[in-house]
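Structural description and commentary
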Amino acid sequence: MILWLWLCWGFSTSAGQPDSELMARYLEEKLMADYSIMEQVARRVPRQAKFLQRLETRPRMSEFTVKSTIISRYAFTTVSCTMVNSGSEAREGVFEMQIPAAAFISNFTMSIGNKTYYGEVTGKEKKHSSDDKARHKKPPGPTDGRENGYETFKASVFIPRKMQAKFLLHYEELLQRRLGKYEYTVSIRPQQLVGRLRVEVNILENSGIVSLEVPPLRNSKHKGNGKVEGDVSPPPSTVVGHTKTLAKVTFNPSVVEQTRIARNGILGDFIIRYDVNRELSVGDVQILNGYFVHYFAPADLPPLPKNVVFVLDSSASMVGTKLKQTKEALFTILQDLRPEDHFNIIGFSNRIKVWQQDRLVPVTPNNIRDAKKYIHNMSPTGGTNINGAVQTGAKLLNDYIAQNDIDARSVSLIIFLTDGRPTVGETQSSKILSNTKDAIRDKFCLFTIGIGHDVDHKLLERMALENCGMTRHFQEDDDAASHLKGFYDEIGTPLLSDIRVDYPEDNVEEVTQNFFPNYFNGSEIIIAGKLINHTSDSLHVEVTASNSKKYILLKTDVAIDLPSRNDIRGVPGLEDGKGDKNYIERAWSYLTIKELLNSRLKTDDNQEKDYLMEKAKSMALTYNFVTPFTVLKMREAGLHSEPPQEEFISPSTDGIGEKFQSLQGHKAPPGIRRQQDKQRIKISKTSADGDPHFVIDFPSSKFSVCFNIDGEPGDILRLVSDHKESGVTVNGQLIGAPAPPNGHKKHRTYFSTITILSNKPERSYLEITPKRVILDDGERLLLSCDRSAVVRSSSLEVSISANSNVTVTIQDTISFVILIHHYKKPAPYQRNHLGFYISNSKGLSSDSHGLLGQFLNHEVKLLQESLNMSHQHVGQNQTEALKPSPTTTLKVKGRLVPVVWKQRRIYNGQQEVDCWFAKNNADKLIDGSYKDYLASHPFDTGTRFGTINSL
């Protein structure tokens, strides 16, 4: 019988896929008898598997479960594994789990028979005991042959016969956004088929979840994942469900499905990718229990031009696959460079070879073609002169920056790639680091890439960290070219530079890094801190940054949830040792420890190193994190303690709406006066607002004139036309609404869009609606009207006061203010609309026209007719004494216009204006008729009027 089973196994493994499926089904149907261990019933396993387990003499894994909760990008993961020793003697059980290198282990518990051991995080000593029952997570560094970005947690115990062992591992991580997605990954490599295998991931993002996807299992080429090339479907048995803010993903493959993926139990990485709703604003600020975390990842920004120098290792060790894949990646990267970019290439071995001496070249088809030829002809030879290559690249970029004065207009960077250690020239790492820092002098960033096993990973990491860059390490495999291209894609589209995030100094403390040299498309800036002003109702936030020729200032006030302010210990009900459920506080501690580790890595001062180490160690002990300075030691809980339960360190989502404050979903409560709203804007009375009501102020005559325009919905009115002289045009588009009850009008109209065009000194246009502002000066920028912001360029400034107004200043001589009218509960005849006010018209010429523009540089005379029709001039100081009279007229460019006395309210009703009102759509008051002021489209800069007659 044994021989027959062995032959069946050999046949099935050598036959095709159908035979393997039949065998797997047979294994699942032929189950062994139940047996009980510690009052827990193990999952039945196939008879064939039982036979193989006798041959392998290793415990059987009956259960492997991963449960994760992700709240606002912060992930809590619990891995549960149960192993059963059904043999007649004690056997070694090995629990091995690959976890992300960026994660911190926060707890570990194991139960063997009736004994329970719990992990205690303690400060690391100089020497460690060799008989620890569980090895702590290794500090960040090379992964010893594991896949890139992972480290291995391993615990080995002897399981008594006919008994079981249960392992519970907890770890936490803050998900990083790359290429526009957050990626959460779970390694599923139990190394045997498992009777019960389940992954469950719950995601809560109050900003709103978008683009949720679960790709096929990912594995290395040596292990295979069983998927067809190009397959993008989720792994079998995956169930995905989500609402706007919540998502649940489960993966629960049967033994048959596991066999189809990988008979050896190495299934691969289970991956979830998603993003959240976002906009160009101050970002998403969340406050809970005295801590805050701030996520900033604006969208819809034009890319900055970049100046990039590629420094490529062409030493003898690059021979073969490494150099081939580097060339393939560079060919693709060169094609992705934008026309406004500049670049150069340096190859190095013993010698330093510069493609284009002493300059960076623009991106043109000919230059791209020649660059590809240069890369194609690179041949591996000689040693590795890392120091000389970096120095040459830095000098090349420094000279280009100095000669072209492009600091404020573009982003400069070096991309450095090598597969080895320095063997030629300066070989001492400390000297290379010092020389690199001196050469770059904080003028640009250095990004490093290491390929293969022989690379000096620590050197490349420090080179990048000390010069505001990032580093990546890839193994030499068939996918290295795509990894290289993927890394370039992360940094290939800079959107902002010199980003600074500020909070009031008397409101916050212990804030993490708040200045960032660059923001790249698809990434995210994260800042966290502690609140110290417990009497404040709001947190003021300001973000400043540069985008090409524009300066951007974003600001807002975020409401602080007062009821939860004192709930600093997180969700109640937790017992000691199970961790704190306050995810924002833990995100702050996670970021702070990471920054302390990076700061220690960058410094050469031993005293500072010790200080940073002690500070990081103290915080790690407080939050129970395993770091390079702490270690996980196992303690016995007692002979009769309960076996470990699958407790979550993650927070409960119950009542999350009461404790969660998000900028996207919450505004400051009534009574909180925003600072920017206190600043009154000085503007003239000359305006077009409401239905629409026009007001013209004549300061020298000391009176105002007003009129109405009864347009049709969809009409576009020329408000200011001075395209030929100052280059400025303002058009307003009307939207319709029903007339109020018992009114004399058939309908109402309001301005729904104001378009401002300027073609001097550079062409630009603004499109303003009650919800957003679009600025396009060759680069498109989208701003939300419910976020305060300031954008400045050489000739234009746009300032948004949240939900209040937009101020546009052109060349410091022309200013317009657009009021934003929002109705909380609009009546049927009301619409959200805009009001247009002219604040400064000094820069507009005497030839300007339009419904408002034609009066800016002209005066009118007020006449009063007596009963015998004789005309009497009215003095300027007598205007207020005039009584409403149907015989009062205005003299405008030789035309007599009958007017009546009227009062108007402007500035949202805050100011009352006395004015002389011209009836009948401003007949005779304006040049021509109403239809002469209709534009064909919002960007129409033409006019139907020639020379304007003066008085």
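Before any of the text, the structure's been laid out above.
Just so it is clear, the model here is predicted, and its values are computed rather than measured. Numbering of residues starts from 1 in every chain and runs along the sequence as written. Totals for whole chains, interfaces and linings use every residue, but because this is a predicted model, local features are given only for residues with pLDDT of at least 70 and side-chain atom pairs only at 80 or more, for both listing and counting. Think of the side-chain values as coming from all heavy atoms in the structure, minus any hydrogens and water.

**Let's talk about the overall build of the chain**
Helix and strand content of the chain: 14 helices and 52 strands. Contact criterion: two residues are considered in contact whenever any of their non-hydrogen atoms come within 4.5 Å of each other. Contacts in the chain between residues far apart in sequence, at least 24 positions, make up 69% of those at least 6 positions apart. Carbon together with sulfur atoms contributes 48% to the accessible area of the chain, which is approximately 42100 Å² in total. Helix and strand definitions follow DSSP, with helices as H or I runs of at least four residues and strands as E runs of at least two, each counted in order from the N terminus. Computed with a 1.4 Å probe, the accessible areas rest on the Shrake-Rupley method; for each residue, only the protein chains presented here act as cover.

**Regarding unusual backbone geometry**
Phi at Ser72 is positive, roughly 50°, even though this residue is not glycine. In this fold, Ser72 is placed in the loop between β3 (60-71) and β4 (74-85). Despite not being glycine, Lys702 shows a phi value in the positive range, around 60°. Among the secondary structure elements, Lys702 is positioned in the loop between β35 (693-698) and β36 (703-708). Among the residues examined, Lys702 registers a relative accessible area of 61% and is labelled exposed. The buried label goes to any residue with under 20% of its type's maximum accessible area, the exposed label to any with over 50%, and the partly exposed label to all in between, with areas taken from a 1.4 Å probe on protein chains only.

**A word on the state of the cysteines**
Two cysteine sulfur atoms make up a disulfide if the distance between them is within 2.5 Å. One pass over the full model with this rule turns up two disulfides. Covalent S-S linkage joins Cys445 and Cys468, the inter-sulfur distance amounting to 1.9 Å. Where Cys445 bonds to Cys468 through sulfur, the torsion about that S-S bond is close to -110°, and the disulfide is left-handed. Of this pair, Cys445 sits in strand β25 (residues 445-451) while Cys468 is found in the loop between α9 (457-465) and β26 (471-474), placing the two residues 23 residues apart along the sequence.

**Observations concerning the sheet that holds strand β14 (residues 209-213)**
Only strands that DSSP links by at least two bridges are regarded as paired with each other. In space, the four strands of this open sheet follow the order β11-β12-β17-β14, with antiparallel pairing throughout. One side of each edge strand has no neighbouring strand; the edge strands of this open sheet are β11 (177-178) and β14. Alignment of strand β12 (residues 181-188) against strand β17 (residues 268-276), held across seven bridges, turns out to be antiparallel. Looking at the pairing, Tyr184 lines up with Ile272 of β17.

**What about the environment of Gly241?**
If you trace the backbone, Gly241 turns up in strand β15 (residues 238-242). Linking Gly241 and Asn202, residues 39 residues apart in sequence, is a C-alpha distance of 9.8 Å. Residues in contact with Gly241, not counting those within four places in the same chain, are Leu246, Ala247 and Lys248.

**Digging into the packing of helix α11 (residues 583-602) against helix α12 (residues 606-623)**
It is at 9 Å that the axes of α11 and α12 come closest, and there the two elements cross at 155°. Judged by the inter-axis angle, α11 sits roughly antiparallel to α12. Of the two elements, α11 crosses α12, and the hand of that crossing is left-handed. Along its contact with α11, which presents Glu585, Arg586, Trp588, Ser589, Thr592, Ile593, Leu596, Leu597, Ser599, Arg600 and Leu601, the element α12 presents Lys609, Leu612, Met613, Lys615, Ala616, Met619, Ala620 and Tyr623. Ten residue types, Ala, Val, Leu, Ile, Met, Phe, Trp, Tyr, Cys and Pro, are classed as nonpolar, four, Asp, Glu, Lys and Arg, as charged, and the remainder, Gly among them, as polar. A per-class count over the contact of α11 with α12 returns eleven nonpolar, three polar and five charged. Lines fitted to the C-alpha atoms define the axes, with helices restricted to the stretch that makes contact. Angles between their N-to-C directions range from 0 to 180 degrees. Any angle that falls under 35 degrees is termed roughly parallel, while one over 145 is termed roughly antiparallel, one within 65 to 115 roughly perpendicular, and all others oblique. Note: crossing handedness is left-handed where the near helix turns anticlockwise from the far helix by less than a right angle, and right-handed where it turns clockwise.

**Focus on the sheet that holds strand β18 (residues 284-288)**
Across the sheet, which stays open at both edges, the four strands sit in the order β18-β19-β30-β28 with antiparallel pairing between neighbours. Edge strands, defined here as strands with exactly one partner in the open sheet, are β18 and β28 (508-509). Sheet topology places β18 next to strand β19 (residues 291-296); five bridges connect them, and they run antiparallel. Following the sheet pairing, Asp284 is matched in β19 by Tyr295.

**Details of the packing of aromatic side chains**
Note on aromatic pairs: the rings of Phe, Tyr and Trp (six-membered ring only in Trp) are paired at centre separations within 6.5 Å, and the planes decide the class, stacked below 30 degrees, edge-to-face beyond 60, tilted for the rest. Counted by the stated rule, this structure contains 27 aromatic pairs. Measuring from ring centre to ring centre gives 4.8 Å for Phe108 and Phe153, while their planes differ by 65°; the resulting arrangement is edge-to-face. With Phe108 in strand β6 (residues 104-112) and Phe153 in strand β9 (residues 150-159), this pair connects stretches of sequence that are 45 residues apart. Each member of the pair, Phe108 as well as Phe153, is classed as buried. The structure contains a cluster of three or more aromatic residues connected by ring pairs, namely Tyr74, Phe76, Phe104, Tyr291, Trp588, Tyr590, Tyr623 and Phe625.

**Overview of the side chain of Lys609**
With respect to the helices and strands, the residue Lys609 is situated in helix α12. Positive charges come from Lys and Arg alone, negative charges from Asp and Glu alone, with His and the N- and C-terminal ends not counted. Each reported salt bridge corresponds to a side-chain nitrogen of Lys or Arg within 4 Å of a carboxyl oxygen of Asp or Glu. The side chain of Lys609 sits in the buried core without any salt bridge; Asp604 is the nearest counter-charge, 5.5 Å away. Polar contacts, as counted here, are pairs of nitrogen or oxygen atoms within 3.5 Å of one another; within protein the pair requires one atom able to donate a hydrogen and one able to accept it, and residues that are adjacent in sequence qualify only if both atoms are side-chain atoms. Here the side chain of Lys609 touches Arg600 through a polar contact of 3.0 Å, landing on its backbone oxygen. With residues up to four places along the chain from it excluded, the contact list for Lys609 reads Arg600, Leu601, Thr603 and Asp604.

**Description of the packing of helix α5 (residues 321-336) against helix α6 (residues 365-376)**
Across the interface, α5 lies against α6 with an axial gap of 10 Å and an inter-helix angle of 170°. Comparing the axis directions of α5 and α6 gives the class roughly antiparallel. For the pair formed by α5 and α6, the contact residues are Lys327, Leu330, Phe331, Leu334 and Gln335 on the first element and Ile368, Ala371, Lys372, Ile375 and His376 on the second. Residue composition of the contact of α5 with α6, grouped by class: six nonpolar, two polar and two charged.

**A short note on α6**
In this analysis, the expected span of each helix is defined as 1.5 Å times one less than the number of residues it contains. With twelve residues, α6 should reach 16 Å at 1.5 Å per residue; the first-to-last C-alpha distance of 16 Å fits that figure. The complete set of buried residues in α6 reads Asn367, Ile368, Ala371, Tyr374 and Ile375. The buried residues of α6 all sit within an arc of 120° when viewed along its axis, so they share a single face. Away from its buried face by more than 90 degrees, α6 exposes Pro365 and His376. Among the structural elements, α5, β21 (342-348), β22 (352-354) and β23 (361-362) are those in contact with the buried residues of α6. For this quantity, the arc is that covered by the directions from the helix axis to the C-beta atoms.

**A look at α9**
All of the buried residues in α9 are His457, Leu459, Leu460, Arg462, Met463 and Ala464. Looking at the packing, one finds that the buried side of α9 touches α7 (386-404), β24 (411-418), α8 (429-440), β25, β26 and α11.

**Description of the pattern of salt bridges**
Under the definition given, this model contains 35 salt bridges. With its nearest N and O atoms 3.7 Å apart, the salt bridge here joins Arg218 to Asp269. Taken together, the residues Arg218 in the loop between β14 and β15 and Asp269 in strand β17 connect sequence positions 51 residues apart. Taking the relative accessible area as the measure of exposure, Arg218 reaches 30% and is therefore partly exposed. When its relative accessible area of 1% is taken as the criterion, Asp269 is described as buried. A salt bridge links Arg500 to Asp502; the nearest nitrogen and oxygen atoms lie 3.1 Å apart. Residue class for Asp502 comes out partly exposed when judged on its relative accessible area of 28%.

**Quick notes on the environment of Ala688**
For Ala688, the position within the fold is in strand β34 (residues 687-689). Looking at Ala688, the relative accessible area reads 0%, which means it is buried. Residues Ala688 and Ile709, spaced 21 residues apart in sequence, show a C-alpha to C-alpha distance of 9.6 Å. The residues touching Ala688, leaving out its near neighbours within four places in the chain, are His693, Phe694, Phe751, Gly835, Phe836 and Leu852.

**Some points on the environment of Gln286**
Relative to the elements of secondary structure, Gln286 occurs in strand β18. Gln286 sits 273 residues away from Ala559 along the chain, and the two C-alpha atoms are 9.5 Å apart. Of note is the side chain of Gln286, whose polar atom sits 2.8 Å from the side chain of Ser72. At 2.9 Å, the side chain of Gln286 forms a polar contact with the side chain of Asp284.

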